[in-house]
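Understanding the architecture of this molecule
These are the residues of each chain, in order.
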Amino acid sequence: MSFDVFVCRFENGEPTPLDMNAAREVLAPHVVAQDPRRMLEICTAEGEEATVFLSGPESITFNRFGGGGIMDLLAVLLRRLDAVLVVPGGPTVIQRDGDCDRLPAVLKDEGHVVPHTGVEIDRAIRAG
């Protein structure tokens, strides 16, 4: 896919910092290149690639991604960070139904889904 999706965490409708150390632990086995500006090129065992930007304490951006391995990696990252996946123009991927209460109003209005696997996340993004 050639668009951006964003891994974020919210409390009471406000962005909160992600555990970037945990994010690096999840992503580290898949990093094939990186630059000092916090950009990572990752590749799964299946040969699927993505560009990941550790954008700041409140957001991780995935760009040019696709395939089941990347989606499974996203699912693991979301669980580990207790985060949501913001899909511009699509549903917000949350971990549990109750997580909707943590979202900003604008994301609540966009709709949300609760997938648990990479395949379900991919299906939600494509349907969105």
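Here the structure is shown first, and the text comes after it.
Worth saying up front: this structure is predicted, and the values here are computed from it rather than measured.

1. As for the pairing of strand β7 (residues 59–63)
Counted residue by residue, β7 has five buried out of five residues, so it is predominantly covered. Burial along β7 is two-sided: Ser59, Thr61 and Asn63 and Ile60 and Phe62, pointing in opposite directions, are all buried. Looking at chain direction, strand β1 (residues 5–8) and β7 are connected through three bridges and run antiparallel. Directly across from Phe6, in β7, lies its bridge partner Thr61. Pairing of strand β6 (residues 49–56) with β7 involves four bridges; the strand directions are antiparallel. Note that in β7 the partner of Phe53 across the bridge is Thr61.

2. A short note on the packing of helix α2 (residues 68–81) against helix α4 (residues 118–127)
The geometry of α2 relative to α4 is characterised by a closest axis approach of 7 Å and an angle of 100° between their N-to-C directions. If you check the angle between α2 and α4, you find them roughly perpendicular. Residue-level contacts link Met71, Asp72, Ala75 and Leu78 of α2 to Gly118, Val119, Ile121, Asp122 and Ile125 of α4. Within the contact of α2 with α4, the residues separate by chemical class into six nonpolar, one polar and two charged.

3. Regarding α2
Here α2 is 14 residues long and its end C-alpha atoms lie 20 Å apart, about the 20 Å a rise of 1.5 Å per residue gives. Residues of α2 that are buried: Gly69, Ile70, Met71, Leu73, Leu74, Ala75, Leu77, Leu78 and Leu81. Directly after α2, the chain includes Asp82, whose backbone phi takes a positive value near 50°.

4. Describing unusual backbone geometry
Phi at Asn12 takes a positive value of approximately 50°, unusual for a residue other than glycine. We classify Asn12 as exposed; its relative accessible area is 72%. Phi is positive for Asp82, which is not a glycine, with a value near 50°. Note on placement: Asp82 falls in the loop between α2 and β8 (84–86).

5. Digging into the nonpolar core
Ranked by size, the top nonpolar core spans 30 residues in total, and within it Val7, Ile42, Ile60, Phe62, Leu81 and Leu85 carry the most contacts. When contributions to this core are tallied by element, the ones reaching two or more residues are β1, α1 (20–27), β5 (39–43), β6, β7, α2 and α4. For this core, the element with the most residues is α2, which contributes eight residues. Sequence-distant contacts of Leu81, defined by excluding residues within four places in its chain, comprise Val7, Arg9, Leu18, Asp19, Ala22, Ala23 and Ile60.

6. Examining the packing of α1 against α2
Closest axis-to-axis distance for the α1/α2 pair is 10 Å, and the angle between their directions is 155°. Between α1 and α2, the crossing angle belongs to the class labelled roughly antiparallel. Crossing hand, α1 versus α2: right-handed. Of α2, the residues touching α1 (which contributes Ala22, Ala23, Glu25, Val26 and Leu27) are Leu73, Val76, Leu77, Arg80 and Leu81. Residues belonging to the contact of α1 with α2 are distributed by class as follows: eight nonpolar, no polar and two charged.

What counts as what
Residues numbered from 1 in each chain as written. Predicted model: local features only at pLDDT ≥ 70, side-chain atom pairs only at ≥ 80, totals over all residues. Heavy atoms only, no water. Buried < 20%, exposed > 50% of the residue type's maximum accessible area, 1.4 Å probe, protein only. Helix = DSSP H or I, 4+ residues; strand = E, 2+ residues; numbered from the N terminus. Pairing = 2+ DSSP bridges. Axes fitted to C-alpha atoms, helices over the stretch in contact; angles between N-to-C directions. Parallel < 35°, antiparallel > 145°, perpendicular 65-115°, else oblique. Contact = heavy atoms within 4.5 Å. Nonpolar A, V, L, I, M, F, W, Y, C, P; charged D, E, K, R; others polar. Expected span 1.5 Å × (residues − 1). Core = buried A, V, L, I, M, F, W, Y, C linked by side-chain atoms within 4.5 Å. Left-handed = near helix turned anticlockwise from the far one by under 90°.

This is a description of form; function is not addressed.
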